[in-house]
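Fold and contact review
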Amino acid sequence: MKLNKFTNLLVIGLVLCVAASGCKSKKPVGVTDLPAPRVGKVPDAGPGAPIKPDQGTTAVPGPSVPEGTPSNPANLHDGWIKDAEALKAQTVHFDFDSSVIKASEKPKVAAVADYLKANKGKAVLVEGNCDERGTEGYNMSLGERRALAVREELIGLGIGATEVDTISYGKDRPVDPGHDESAWKKNRRDDFIVLSPPAK
Amino acid sequence: MRLKQILMALILVGAGGSTYSQIDITKTTVAPGNTPPIWVSMSGLTGEAASTLQFDLYVQGFAFTNAAAAQYLISGSNNENLQAKAVDPHNQSTLVSKAYAGASLRRQVHAFADDFVQALSRKGIAQTKIAFKGENSPDSEIYVADFDGHNTQQVTKDQTLVAAPDWVPKHMALYYVSYKLNHADIFYHDLTTGARRAFARYGGSNMSPAVSPDGSRVAMILSKDGWTDLYVCDADGSNLKRLTKSPQDESSPCWSPDGKWICFAAKEKERRTLCKVPAAGGALQHIGTSGMPSPTEPDWSPDGKWIAFTAQYRSGFQICVVPAEGGTAISLVEGEDPSWAPNSRTLAYGRRRGGHYTLSLLDVPTKQYKDVSRISGISSQSQPSWAR
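Keep in mind the model is a prediction, meaning the values are calculated, not measured. (Residues numbered from 1 in each chain as written. Chains lettered and ligands numbered in written order. Predicted model: local features only at pLDDT ≥ 70, side-chain atom pairs only at ≥ 80, totals over all residues.)

1. Looking at the overall build of chain A
The helix and strand inventory of chain A stands at 4 helices and 6 strands. Ordered by position in the sequence, the α and β elements of chain A form the string α-β-β-β-α-β-α-β-α-β. A total of 200 residues make up chain A; the buried ones form 34% of that total. When contacts within chain A are restricted to residue pairs at least 6 apart in sequence, long-range pairs at least 24 apart make up 73% of them. (Helix = DSSP H or I, 4+ residues; strand = E, 2+ residues; numbered from the N terminus. Buried ≥ 20, exposed ≤ 12 C-beta atoms within 10 Å, placed from the backbone. Contact = placed C-beta atoms within 7 Å.)

2. Some details on the overall build of chain B
A tally of helices and strands in chain B yields 3 helices and 29 strands. Against the 2.2 N^0.38 benchmark of 21 Å for 388 residues, chain B shows a C-alpha radius of gyration of 23 Å, consistent with a compact globule. Considering only C-alpha atoms, chain B reaches an extent of 75 × 65 × 40 Å along its principal axes. Looking at chain B as a whole, 55% of its 388 residues qualify as buried. In chain B, 44% of the contacts between residues at least 6 apart in sequence involve partners at least 24 apart. (Rg over C-alpha atoms; globule rule 2.2 N^0.38 Å.)

3. Topic: the domain arrangement of chain B
Residue and element names in this part refer to chain B. Taken as a whole, chain B is organised into domain 1 (38-119) and domain 2 (132-386). On a C-alpha basis, the centroid separation for the pair domain 1 and domain 2 is 33 Å. Each partner contributes residues to the interface: domain 1 has 6 residues there, and domain 2 has 11 residues. (Domains from an automatic or database assignment.)

4. Examining the confidence of the model for chain B
Residues and elements named next belong to chain B. Per-residue confidence for chain B gives a mean pLDDT of 91; residues scoring 70 or more make up 92%. Between residues 6-28, whose pLDDT stays under 50, and residues either more than four places distant or in other chains, the model counts 1 contact. For this predicted complex, the interface confidence comes out at an ipTM of 0.88, alongside a pTM of 0.85. (pLDDT = per-residue confidence, 0-100.)

5. Structural notes on the environment of Tyr179(B)
Residues and elements named next belong to chain B. Locating Tyr179 in the fold gives a position in the loop between strand 10 (173-178) and strand 11 (185-190). For the pair Tyr179 and Asp158, spaced 21 residues apart in the sequence, the C-alpha separation amounts to 8.0 Å. Not counting chain neighbours up to four residues away, the residues in contact with Tyr179 comprise Thr160, Leu161 and Ala184.

6. What to know about the interface of chain B and chain A
On the side of chain A, 55 residues touch chain B, which itself brings 72 residues to the contact. It is strand 5 (residues 93-101) of chain B that contributes the most residues to the side of chain B that touches chain A, 6 residues altogether. A class-by-class count of the residues in the side of chain B that touches chain A yields 23 nonpolar, 30 polar and 19 charged. Alignment of strand 1 (residues 31-33) of chain A against strand 5 of chain B, held across 3 bridges, turns out to be parallel. When the sheet's bridge partners are listed, Asp33(A) is paired in strand 5 of chain B with Ala101(B). (Nonpolar A, V, L, I, M, F, W, Y, C, P; charged D, E, K, R; others polar. Pairing = 2+ DSSP bridges.)

7. What about the confidence of the model for chain A?
Residues and elements named next belong to chain A. When the pLDDT values of chain A are averaged, the result is 80; 69% of them are 70 or greater. Here residues 37-45 is a poorly scored stretch, pLDDT under 50, and it has 23 contacts once near neighbours within four places are set aside; other chains count. pLDDT under 50 marks residues 47-65. Its contacts with residues more than four places away, or in other chains, come to 26 contacts.

8. Quick look at the nonpolar core
Membership of the largest hydrophobic core comes to 139 residues, with the highest contact counts inside it found for Val124(A), Leu174(B), Met220(B), Ile262(B), Ile307(B), Cys320(B) and Val321(B). Among the elements that line this core, the one with the most residues is helix 3 (residues 136-156) of chain A, at 8 residues. Inspection of this core shows a minimum of three residues originating in each of domain 1 (38-119) and domain 2 (132-386) of chain B. Those residues within four positions of Leu174(B) in sequence are excluded, and the remaining contacts are Ala131(B), Ile142(B), Val155(B), Pro165(B), Asp166(B), Trp167(B), Val168(B), His189(B) and Leu191(B). (Core = buried A, V, L, I, M, F, W, Y, C linked by C-beta atoms within 7 Å.)

9. A closer look at the packing of helix 2 (residues 47-58) of chain B against helix 3 (residues 105-119) of chain B
Residue and element names in this part refer to chain B. At a closest axis distance of 9 Å, the pairing of helix 2 and helix 3 adopts a crossing angle of 40°. One element, helix 2, and the other, helix 3, form an angle in the oblique class. Helix-helix and strand crossings are classified by hand; for helix 2 and helix 3 the assignment is right-handed. Between helix 2, through Glu48, Ala49, Thr52, Leu53, Asp56 and Leu57, and helix 3, the contact on the second element is made entirely by Leu105, Arg106, Val109, His110 and Ala113. Across the contact of helix 2 with helix 3, the residue classes tally to 6 nonpolar, 2 polar and 3 charged. (Axes fitted to C-alpha atoms, helices over the stretch in contact; angles between N-to-C directions. Parallel < 35°, antiparallel > 145°, perpendicular 65-115°, else oblique. Left-handed = near helix turned anticlockwise from the far one by under 90°.)

Take a look at the structure:
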């Protein structure tokens, strides 16, 4: 069967070959000219402009349904001044592969709520982070869920939803580059960045 | 008693029959990790031409031996341009015999590798491209390269975190996540012009873009509604639809080749699992992975038959494949985040060493793998997306 197929190919090849050129040479025939590479230059991407506003596809959930609180528009705090120091002591830590705020960490979230209540007009960015023991794709989602969990806690403590933004860095922003539990437990965290409106 | 025996016999016949048909199926597709390589020999090629051809064929399931033991004999020369032929010594037939001109010698060798593989009724991948995340801590950028890691070009210069590239099928364009605007946003980037636009900039984080096989829709993970859920919209950004509604995690969507399903990593009853959901919306279906721990980062093969994914063990991560309908998963090699080549048999993936990744290519049937060439100045290369 297999032999037949190849014999056929051979015969067809020979016939074509003879028809085309007389087939005297045993050297390769028919030079294949290659086209230019498909990727040309990849220019600098530039700043990447138009901003797509939130189209608001989902209704605001009723209070009886335990749902997530809709996130703030992406550009709500554009240009606000970032302060990573003010709430540095309140960094919240998590257990492995968990976005549950431990009882031991809740006083820190309460301290953040108190800070925001005492500093009206400021907002906070909650940055969710993971240790390296997870795939990159999974950790992006996990980091965001850690930030969202603290956001819900802050809202529960009376902070307005518009005052809390979230971002996930997955496992790409470790505070400790080590590869053991002492590093990992520092890296599973939410950092708080205080946002102040720009001076006019 | 007799009835029981007859029933048993029937069951055995049935089982035997299904086993037999399973063997038939693996003949026409791949038997992951369990297929011997095709032995070839090579003579006359030297230097870069020889090493390029060896790489090209090795990651497509060929292995090299001497002429006496080889199933196919490759011979040629590479004085400036490549001339090469492949012969089947058993019936003296010539599969390919060509001379090449133009482009680079590497490219000529890739073209010959494709001609040879196609002569064996397979799809060649030696002239394809990959996109990936290249990290130089703490920032990362998107790069594109030949499938073997050569001819790397930097796509973004955002000087921040840029990640999760996804190649638009049959187009020179990518979707990826960039933090350029102080926010995790999804961008669309035309590689021929360099023009790009913010594609998804909803509140919260915009993550893991996955474009449908026909390029008309994009699946992604958004937290705009307060949870990390799976959404899909048209390629112009309209018709956004929420496909999951759960406080649990959803991550890493990918499409079935017919565009009807979106597969993703999810959590059910506190256990991580793979799920699929109709792209038009509907009920979630579980995809069984026979106990492989914590499956994430699925990728559906272009022929529709397999889903590759990352399993997480205590000791590390494994590249696995499972029939697309679910079933017995097969663990192949250590690695993460697999992306199928157009041939539905080679995977690009990341291998972790310490905190850094190296990209590697795996031929699924033979389990042969080799690292792609590294870029200097980049400490880590991960999240490959194969142009297909």
